[in-house]
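Results of the structural survey
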Amino acid sequence: MRKIAAIFLTCFLSFSCQKEFGIDLPEHEWKIVVEGYLTSGDSVLVRVNETRQYENQFSVDDPTRNGGNADVIVNVNGVDYRLQQYSLPPSSTLLYPTIYSLPASQLVVPHQGVLSLKVNYRGKSVISQSTVPLQPKIISFRTLPNKVNSKLFDLEIEAAFPSGLSYYLVQGSTETIKDTASIVMPFLSDIIVVEGNGEKKKIVVQNRGRGIVAIPQSPRRFILTLKRVNKEFYDFDAALRAQLDDLYGNKKLLGREITEIPSNISGGVGIFTAMSVDTLSVFP
Amino acid sequence: MKIILIFGVAVQLILSRGEAQTGAAIYGYVYDQATGERLEGAVVRCHNSKSFALTNSFGFYSVKTNLNDSTVISVKLIGYQPFARNVFVRDDIRFDVALDPVPIEVQEIVVEGEDISRLQSAMPGKTILRVKQMENIPVPGGEVDVVKLLQTTTGVQTGNEFSNGMYVRGGSFDQNLVLLDGVPVYNINHLFGYFSIFQSEAVHSLELLKSGIPAGYGGRLSSVLNVSLKEGNHEEFKLSGGISLISARLVMEGPLDPDGKSSFLLAARRTYVDPILSLASQSSNRTDLTNLSFYDLTLKTNLTMNSSNRIFFSGYFGGDDFTLKDISNELKETWGNAAYAIRLNSIWSSSFFTNLTFVFSEYRNTYREMSQQSSVEKKPNVNDKMVKVDATYTLSSSSYVSAGLSLVDHRFGVFSGFQETETNQAVILDAVETNAFVSLDWDIIQNIRLTSGARFTSFGSGNYKAIEPRMSVMAGLSRSLSLRMSYDRFYQFIHSLSSFSLMSPGELYYPSTGFLQPEIGNQTSVGVTVLPEDPFDEDARLNISIEGYYKEMENLPQIKYRFSSVDPASLEKEILLGKGRSYGLELNLERTDKIYHLWVNYTWSRALREFPEKNRGNEFPASFQREHNLNITADGRGWESWAIAATFVIASGAPTTLPKGRFSLNGSFPNSNFYGIIDYGDLNTNTLPVYNRLDVGVNYTFPWLGGIWKLQLNVYNVYGYPNPLFNYFDVQSGKLEQVSIGTLPTFGVTFSF
């Protein structure tokens, strides 16, 4: 549609003119940026960063401007844990943004409960909170041929889905006989939304061709990972995809409303969200 | 049962004030002497009973008077010579009145005693435009566009430059009920809003209702736009038409029988942009645009079957065709409306008038995108079949009641936006809508008229029930001053879902179902109309009206990000429901003398939105809000062959959202191709520069080849102010870019035989 509008406007209104608008960007609202995708059973990892004035350049040479030296505290079911800043070689883009974590021996994401976050950075604090969703339970799954690409497979999953809407990330993998050490990842789905009624239900998840697409000729087993995520993550992810399409798609934002990124970081931007996971393997 | 009977008799006695025993009725049609067309809005006054009535949309009136008495019947309508006749009333009298039209150059002089008509026509919350009186006003494109004329009136915001978008009193564009001869029309745009679908030569008048909306109308939250087609000349065959920058049009009308009992009107219009574009593409070896065109076909016929029954057929069929093609891809989109109605007007008695209507309306859209890799085709559409009957019963010289029933069978074909997935299969949603309304117009005491009513709706797909009370009180405080207050409640069961801020053919119409609740609106308004003496010219006519309003809306839908599923069960993840609030003050000043006609329309308004998941739940101004909006239009017609008209518009800049900063996620480092994610902060806190432009139109009329010809030269935006057609933020330059149109001269020719 935007393509239509764009071409229409440029061709039909050939007497129109395009000009740079004489309006200054508003003053920069400095905010702390936080990313924390916490999967039950895994270690806690949080990235800290900050927003920049649009006209300013990003730089990896100033760690104090890339989320460094922040005080990051995660509260797990009532107990505070101060995360440690990762040390990586200087001038590495891996420093951007700064990563805060603790060894798994000290802290892992629980399978249930509430996680809270407090970040102090450059004199400002932000807080957030996320509840670990109930763990999904895969009953069975099977692969289906993908209708678009014969080298891909879709997944039919049977699971007990809770009543109402629930949100999932689906990862399908294969393990080969010849090279049991390597696992290829045929696809990772977008976040899918399932309306359940508390009973078991079958859903089909389409493979959009992301990741490594070729199915090994002799798969030893298929592995399904089903991550249940919160609505806050779904909204964040959907908005992010839409905004990236707005900004970096091959069409300009003619006539379309801008896409704001929702955030559960109070006083900042980003996402702090917990996920629960279930995995099942099938041997063909 | 007895209680109901007693109550009914008591109400009848109160409303009739005991006059039923000795009363009689004078009733009939008021029509144009020259063309035979029935005239709406004429004031018919019965002098001995001091009662009056306005002719309805079919030109019918009924006034009560005293039996065995003589009385003067007078009929007045702006643009026509007043009519008066003395009659002796022995029984009910059928009295059809033919009014002589006044030539346009002298028709705006003050006519003694037309205060009621003027007070009615200048009523706050109601705008009536007669195309004949507006045909000199400059609009881009070289032909009169009735919707663009409406955009110069108070309370109507346009959205974008050139667009035919109508945002009435803070409502979105899908909240306007557009009726073409009573048939609902869903998309009124050609060429993405450059033209409306209404061919001006075929249109008799437009009526825009913004408040005090009668209970007979419903289904939209913000306004009713009644577009009345001409009936066709009953007296003689006429041919008219015109050629503009982009299109050519032709209108034929005339009687179908020697007695003038039937007539027809046939209007056709088509663009000729497509061959020009094709030639341009060939000459420049461009293959990226192959077709862009639209067409309209309008037909109306009527037949007077006998003195009591008339039958009408109205039909409209039109559409747009857009094709974009290059070596490997083809993108084609067609869209359009079909609207047909058969109506039967019946006079059952001196007091009882009915209108039975059968309607078919369709909005169709086909979007096809073909490439070497894939082929996507979507056909969102909406299809209505409706039967309705409405009736008017004159109870007394001071009251009449209107009531009606309608049954609508809606069918929606919905599709999932513009993403190619296997789930993009057609989802057909059916909904049966049943409406009933009753409305009472009652002169409580002299000069105070109460219009109260209610509308009852049952909407099938969600099994919704709604009651919409409506009430307005108009008090004539003097012969030149009236006050009106109104309260309206509305429900809207059909929603346009689009992620675009402008009207687009790709919009998806969706019925209320499941998560998508009916939209609800409540509006209160107070207005004053004054007809002061002109201090400079005693022959001039001056109307001033001021109206303030406050409106609240609930369950306003908005697509969250991208529409990926149309399954009603999944709408919760696709749609946000929010609230809206708007308020404002509208000032209209209209001055007419023998030389020029001046309209000054000023609107101060706020249009606000609130969604739980947008702007952190805080209220924000809508993108189409223009806090201040001033339109001044002057139409000079004091010369024999020449007419000059000008429109000046100045309005506050639209609210917009600009980046407050940028950041990156997922460890991705901004580089020359990736500028990060944008933090927009609060929505619509920035304001674009003030919008302003001056349009001038010069018309030269001359006889030639036995007809009347008119040359029209319009210059849009004379001083070339760069008003934005579109704005967009360029992520690479970090600048707000805009596409604007500078000065645009257009030329047109019209003829009439």
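What counts, and where the lines are drawn
Residues numbered from 1 in each chain as written. Chains lettered and ligands numbered in written order. Predicted model: local features only at pLDDT ≥ 70, side-chain atom pairs only at ≥ 80, totals over all residues. Heavy atoms only, no water. Helix = DSSP H or I, 4+ residues; strand = E, 2+ residues; numbered from the N terminus. Buried < 20%, exposed > 50% of the residue type's maximum accessible area, 1.4 Å probe, protein only. Areas by Shrake-Rupley, 256 points an atom, 1.4 Å probe, with all protein chains shown as cover. Contact = heavy atoms within 4.5 Å. pLDDT = per-residue confidence, 0-100. Pairing = 2+ DSSP bridges. Axes fitted to C-alpha atoms, helices over the stretch in contact; angles between N-to-C directions. Phe/Tyr/Trp six-rings, centres within 6.5 Å; stacked < 30°, edge-to-face > 60°. Lys NZ or Arg CZ within 6 Å of the ring centre and 35° of its normal. Polar contact = N/O pair within 3.5 Å; in protein donor to acceptor, adjacent residues only side chain to side chain. Salt bridge = Lys/Arg side-chain N within 4 Å of Asp/Glu carboxyl O. Core = buried A, V, L, I, M, F, W, Y, C linked by side-chain atoms within 4.5 Å.

1. What about the overall build of chain B?
When helices and strands are tallied, chain B shows six helices and 49 strands. The buried share among the 753 residues of chain B stands at 60%. Counting only carbon and sulfur atoms, one obtains 59% of the accessible surface of chain B, whose full area is about 28,700 Å².

2. Details of the overall build of chain A
A count of helices and strands for chain A gives two helices and 17 strands. Considering chain A as a whole, with its 284 residues, one finds that 51% of them fall into the buried category. A separation of at least 24 residues holds for 67% of the contacts in chain A among residues at least 6 apart in sequence. If you sum the accessible surface of chain A, you get close to 13,300 Å²; carbon and sulfur atoms cover 50% of it.

3. Things to note about the confidence of the model for chain B
All names here are of chain B. Mean pLDDT over chain B works out to 82, with 84% of the residues at or above the 70 mark. By mean pLDDT, helix α1 (residues 2–16) is the weakest element of chain B at 53, and strand β38 (residues 620–621) is the strongest at 94. Of the regions scoring below 50 in pLDDT, residues 105–114 engages in 23 contacts with residues more than four places distant in sequence or in other chains. Counted against residues more than four places away or in other chains, residues 417–424, with its pLDDT under 50, gives 22 contacts. Scored as a complex, the prediction yields pTM 0.84 and ipTM 0.85.

4. Focus on the sheet that holds strand β4 (residues 71–76) of chain A
As a general point, the strands of a sheet are linked pairwise by backbone hydrogen bonds and lie either parallel or antiparallel. Residues and elements named next belong to chain A. Across the sheet, which stays open at both edges, the four strands sit in the order β5-β4-β8-β9 with antiparallel pairing between neighbours. Every interior strand has two partners, whereas the edge strands, β5 (79–82) and β9 (124–131), have only one. On average, adjacent strands in this sheet sit at an angle of 20° to one another, irrespective of strand direction.

5. A short note on the sheet that holds strand β3 (residues 51–54) of chain B
Residue and element names in this part refer to chain B. If you trace the four strands from one edge of the open sheet to the other, you get β3-β2-β5-β6, paired in antiparallel fashion. Taken across any chain shown, the strands that pair with only one partner, and hence form the sheet edges, are β3 and β6 (83–89). Geometrically, the sheet is characterised by an average inter-axis angle of 20° between neighbouring strands, direction not taken into account. The pairing of strand β2 (residues 43–46) with β3 spans four bridges and is classified as antiparallel.

6. Observations regarding the packing of aromatic side chains
Residue and element names in this part refer to chain B. Applying the stated criterion to the full structure yields 30 aromatic pairs over all chains. Seen from their ring centres, tyrosine 167 and phenylalanine 173 are 6.0 Å apart, and the 85° between their planes marks the pair as edge-to-face. Taking 5.8 Å as the distance between ring centres and 50° as the angle between the ring planes, the aromatic pair formed by tyrosine 583 and tryptophan 604 counts as tilted. With tyrosine 583 in strand β36 (residues 575–592) and tryptophan 604 in strand β37 (residues 596–610), this pair connects stretches of sequence that are 21 residues apart. Taking the relative accessible area as the measure of exposure, tryptophan 604 reaches 29% and is therefore partly exposed. Between arginine 38 and the ring centre of tyrosine 29, over which it is positioned, the NZ or CZ distance is 4.9 Å. Stacked on the ring of phenylalanine 312, the Lys or Arg arginine 343 has its end atom at 5.0 Å from the ring centre.

7. A word on the pairing of strand β49 (residues 744–752) of chain B
Relative to β49(B), strand β18 (residues 238–243) of chain B is paired through four bridges, and the arrangement is antiparallel. When the bridges of β49(B) are listed, Ile243(B) appears paired with Val749(B).

8. Let's talk about the environment of Asn615(B)
Residue placement: Asn615(B) occurs in the loop between β37 and β38. For the pair Asn615(B) and Glu236(B), spaced 379 residues apart in the sequence, the C-alpha separation amounts to 62 Å. Setting aside its immediate chain neighbours within four residues, Asn615(B) contacts Glu260(A), Phe620(B), Gly681(B), Asp682(B) and Leu683(B). Of note is the side chain of Asn615(B), whose polar atom sits 2.7 Å from the backbone nitrogen of Leu683(B).

9. Section: the side chain of Asn383(B)
Residues and elements named next belong to chain B. With respect to the secondary-structure elements, asparagine 383 resides in strand β26 (residues 381–396). Of the residues examined, asparagine 383 reaches a relative accessible area of 14% and is grouped as buried. Excluding residues within four positions of it along the chain, asparagine 383 makes contact with Phe360, Ser361, Glu362, Asp409, His410 and Arg411.

10. Structural notes on the pattern of salt bridges
All names here are of chain B. For the structure on display, the rule yields 27 salt bridges over all chains. A salt bridge links lysine 126 to glutamate 207, with the shortest nitrogen-to-oxygen separation between them at 3.7 Å. Highlighted residues: lysine 126 in strand β9 (residues 126–130) and glutamate 207 in strand β16 (residues 203–209), separated in sequence by 81 residues. For the pair lysine 126 and glutamate 207, a shared accessibility class is recorded, and that class is buried. Close ionic contact of glutamate 236 with lysine 238 constitutes a salt bridge, the shortest N to O distance being 3.6 Å. Residue classification places lysine 238 among the partly exposed residues on the basis of a relative accessible area of 27%. Via salt bridges that share partners, Arg169, Lys210, Glu547 and Glu586 belong to a single interconnected network.

11. Topic: the confidence of the model for chain A
Here chain A averages 78 in pLDDT, and 72% of its residues register 70 or above. In this model residues 1–16 of chain A is a low-confidence stretch, pLDDT under 50, and it forms 54 contacts with partners more than four residues away in sequence or in other chains.

12. Description of the environment of Leu39(B)
Within the fold, Leu39(B) resides in the loop between β1 (23–32) and β2. Excluding anything up to four places from it in sequence, Leu39(B) contacts Val30(B), Tyr31(B), Asp32(B), Thr55(B), Asn56(B), Gly59(B), Leu77(B), Tyr80(B) and Leu99(B).

13. A closer look at the nonpolar core
Considering soluble globular proteins, one finds that nonpolar side chains tend to be buried as a cluster. The biggest cluster of nonpolar side chains holds 46 residues, and the ones touching the most others in it are Leu191(B), Phe412(B), Tyr509(B), Tyr510(B) and Ile575(B). Counting residues in hydrophobic clusters, the runner-up holds 38 residues, among them Val156(B), Val185(B), Tyr316(B) and Ala341(B).

14. Some thoughts on unusual backbone geometry
Residue and element names in this part refer to chain B. Its identity as a non-glycine residue notwithstanding, arginine 616 has a phi of 50°, on the positive side. Residue placement: arginine 616 occurs in the loop between β37 and β38. Despite not being glycine, asparagine 717 has its phi angle at roughly 60°, a positive value. In this structure asparagine 717 comes out as buried when scored by relative accessible area, which is 0%.

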